[in-house]
Amino acid sequence: MSSYIFTHLDELESESIFVLRETFAQFENPCLLFSGGKDSILVAHLAKKAFYPSKIPFTFLHIDTGHNFIETIDFRDKLVNELAVNLLVGSVQQSIDEGKVIEEKGQNASRNRAQSVTLLESIEKNKFDAAIGGARRDEEKARAKERFFSHRDDFGQWNPKNQRPELWNIFNGKKQLGEHFRIFPISNWTEMDVWNYILREKIELPSLYFSHEREVVIREDMILANSEFIKPLTNDVVKNEIVRFRTIGDLTITGAVRSTAITLQEIINEVSMARETERGNRADDQRSEASMEERKKEGYF
């Protein structure tokens, strides 16, 4: 007789796998949005489990801002090769070059908003009817309003007041021509759940998540990785620091934290005592109280 105890992480894993299988069953051409961050890596791991021993039946789609960490791109290519999945890359730089989006200027300029145009164009071009993402409800106020199956109209826009009920785990994926869905299988996970599951499953992550020394730009209360894409301002301080990143995105807006955590257990201990959310050091989220919701309505992840 088995003595295995079904845990909270097992319940979350089971729920996420159910959502991924429902996505495959209800949609004709779904894709998995892959950024190279821990949440999208987690979703890829869950998809591998959901369809084993077959390979993952989703195309991976990465929206490349052109301002990525080298470590992220190297990890992305390595994982895609290991999983033997098809990878498509939508280029924000190409969207800018073709005049489809105007790049922001100024000291706090970001390409994050420009990603929406490239994402929607990639979805339309490849006729994806569902895009699976790694967003969680605990991350931010706007994301707390999401369903597992999040409807987008034929302009790719999200209306938080027009989402469908999901009673008894029944998901309604019906849509009109030109519409699509965003799917969020780890909606009910917290940051701590993610880290504990990564530890349990021994999931490999980019080195950026672990403490390391690098040259950074200290700008007010932000610590940014120094690069060719960041122009130090008069009051900025450029120096070497021991840091790690809690989230991974466009390096021009993704802040680091001072840390000595070099193992998963040390990261978990650190996160458990943190007073700031993981997106608290993302410059784009600090622009306004409703910045994320505004971007989501435009087609953002």
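For the structure, see preceding data.
Parameters at a glance
- Residues numbered from 1 in each chain as written.
- Predicted model: local features only at pLDDT ≥ 70, side-chain atom pairs only at ≥ 80, totals over all residues.
- Heavy atoms only, no water.
- Helix = DSSP H or I, 4+ residues; strand = E, 2+ residues; numbered from the N terminus.
- Buried < 20%, exposed > 50% of the residue type's maximum accessible area, 1.4 Å probe, protein only.
- Contact = heavy atoms within 4.5 Å.
- Pairing = 2+ DSSP bridges.
- Polar contact = N/O pair within 3.5 Å; in protein donor to acceptor, adjacent residues only side chain to side chain.
- Axes fitted to C-alpha atoms, helices over the stretch in contact; angles between N-to-C directions.
- Parallel < 35°, antiparallel > 145°, perpendicular 65-115°, else oblique.
- Nonpolar A, V, L, I, M, F, W, Y, C, P; charged D, E, K, R; others polar.
- Phe/Tyr/Trp six-rings, centres within 6.5 Å; stacked < 30°, edge-to-face > 60°.
- Lys NZ or Arg CZ within 6 Å of the ring centre and 35° of its normal.
- Expected span 1.5 Å × (residues − 1).
- Arc of directions from axis to C-beta.
- 1 Å grid on protein atoms, 1.4 Å probe; cavity = no way out; pocket = protein on both sides within 12 Å on 5 of 7 lines; lining within 4 Å.
- Points joined across faces, edges and corners; volume = space filled by probe spheres on them.
- Left-handed = near helix turned anticlockwise from the far one by under 90°.

(A) Region of the structure containing the environment of valine 85. Counting through the fold element by element, valine 85 comes out in the loop between α3 (70–83) and β3 (87–91). For valine 85, a relative accessible area of 11% corresponds to the buried category. Linking valine 85 and isoleucine 56, residues 29 residues apart in sequence, is a C-alpha distance of 6.8 Å. If near-sequence neighbours (up to four positions away) are discounted, valine 85 is found in contact with Ile56, Phe58, Phe60 and Val80.

(B) Quick look at the pairing of strand β9 (residues 237–244). Across seven bridges, strand β7 (residues 212–219) lies against β9 in antiparallel orientation. When the bridges of β9 are listed, valine 216 appears paired with lysine 239. Bridge analysis of β9 against strand β10 (residues 257–258) gives two bridges, and the strand direction is antiparallel. By the bridge assignment, arginine 244 is partnered in β10 with valine 257.

(C) Broad picture of the sheet that holds β10. What the four strands build is an open sheet, ordered β8-β7-β9-β10; its pairing is antiparallel. Of all strands in the sheet, those bounded by a partner on one side alone are β8 (222–225) and β10.

(D) Inspection of the side chain of serine 211 at higher detail. Counting through the fold element by element, serine 211 comes out in the loop between α6 (191–201) and β7. Among the residues examined, serine 211 registers a relative accessible area of 15% and is labelled buried. Among the polar contacts made by the side chain of serine 211, one reaches the main-chain carbonyl oxygen of serine 259 at a distance of 2.7 Å. Setting aside chain neighbours within four positions, we find serine 211 in contact with Ile242, Val243, Arg244, Ser259, Thr260, Ala261 and Ile262.

(E) The packing of helix α1 (residues 8–26) against α6, seen in detail. Running from N to C, α1 and α6 cross one another at 95 degrees; their axes reach a closest spacing of 11 Å. Taken together, the axes of α1 and α6 are roughly perpendicular relative to one another. Where α1 abuts α6, its residues His8, Leu9, Asp10, Leu12 and Glu13 lie against Asp193, Asn196, Tyr197, Arg200 and Glu201. A class-by-class count of the residues in the contact of α1 with α6 yields three nonpolar, two polar and five charged.

(F) Structural context of the packing of aromatic side chains. Counted according to the given criterion, the structure contains 13 aromatic pairs. Geometrically, the ring pair formed by phenylalanine 51 and phenylalanine 58 is edge-to-face, given 5.5 Å between the ring centres and 85 degrees between the ring planes. Here phenylalanine 51 and phenylalanine 58 have matching classes, each one buried. Here a set of aromatic residues connected by ring pairs shows up, and it is made of Phe18, Phe27, Phe148, Phe149, Phe171 and Phe181. Just above the ring of phenylalanine 148 sits the side chain of arginine 137; from NZ or CZ to the centre is 5.1 Å.

(G) Main features of α3. For α3, spanning 14 residues, the distance from its first C-alpha to its last is 20 Å, which sits close to the expected 20 Å at 1.5 Å a residue. Turning to α3, its buried residues number three or more, namely Thr72, Ile73, Phe75, Arg76, Leu79, Val80 and Leu83. All buried residues of α3 project into a common sector of 165 degrees when viewed along the axis, lining one side. Opposite the packed face of α3, turned more than 90 degrees from it, sit the exposed residues Ile70, Asn81 and Glu82.

(H) Here's a closer look at helix α2 (residues 38–51). Over its 14 residues, α2 extends 20 Å from the first C-alpha to the last, a length consistent with the 20 Å expected when each residue adds 1.5 Å. By the criterion of burial, α2 is predominantly enclosed, with 12 of the 14 residues buried. The complete set of buried residues in α2 reads Lys38, Asp39, Ser40, Ile41, Leu42, Val43, Ala44, His45, Leu46, Ala47, Ala50 and Phe51. Buried residues along α2 sit against α1, β1 (30–33), β2 (59–64), α3, β4 (130–132) and α6.

(I) Quick look at the layout of surface pockets. The volume enclosed by the second largest pocket comes to roughly 370 Å³. Forming the walls of the second largest pocket are 17 residues, and the residues nearest its centre are Ile123, Glu124, Phe128, Gly178 and Glu179. Among the residues forming the lining of the second largest pocket, the class breakdown is five nonpolar, four polar and eight charged.

(J) Structural detail: the packing of α2 against α6. Here α2 crosses α6 at 55 degrees, and the two axes come no closer than 11 Å. Here α6 runs oblique to α2, going by the angle between their axes. In this structure, the crossing between α2 and α6 has a hand that is left-handed. Facing α2, whose interface residues are Lys38, Asp39, Leu42, His45, Leu46 and Lys49, α6 presents Glu191, Val194, Trp195, Tyr197, Ile198 and Glu201.

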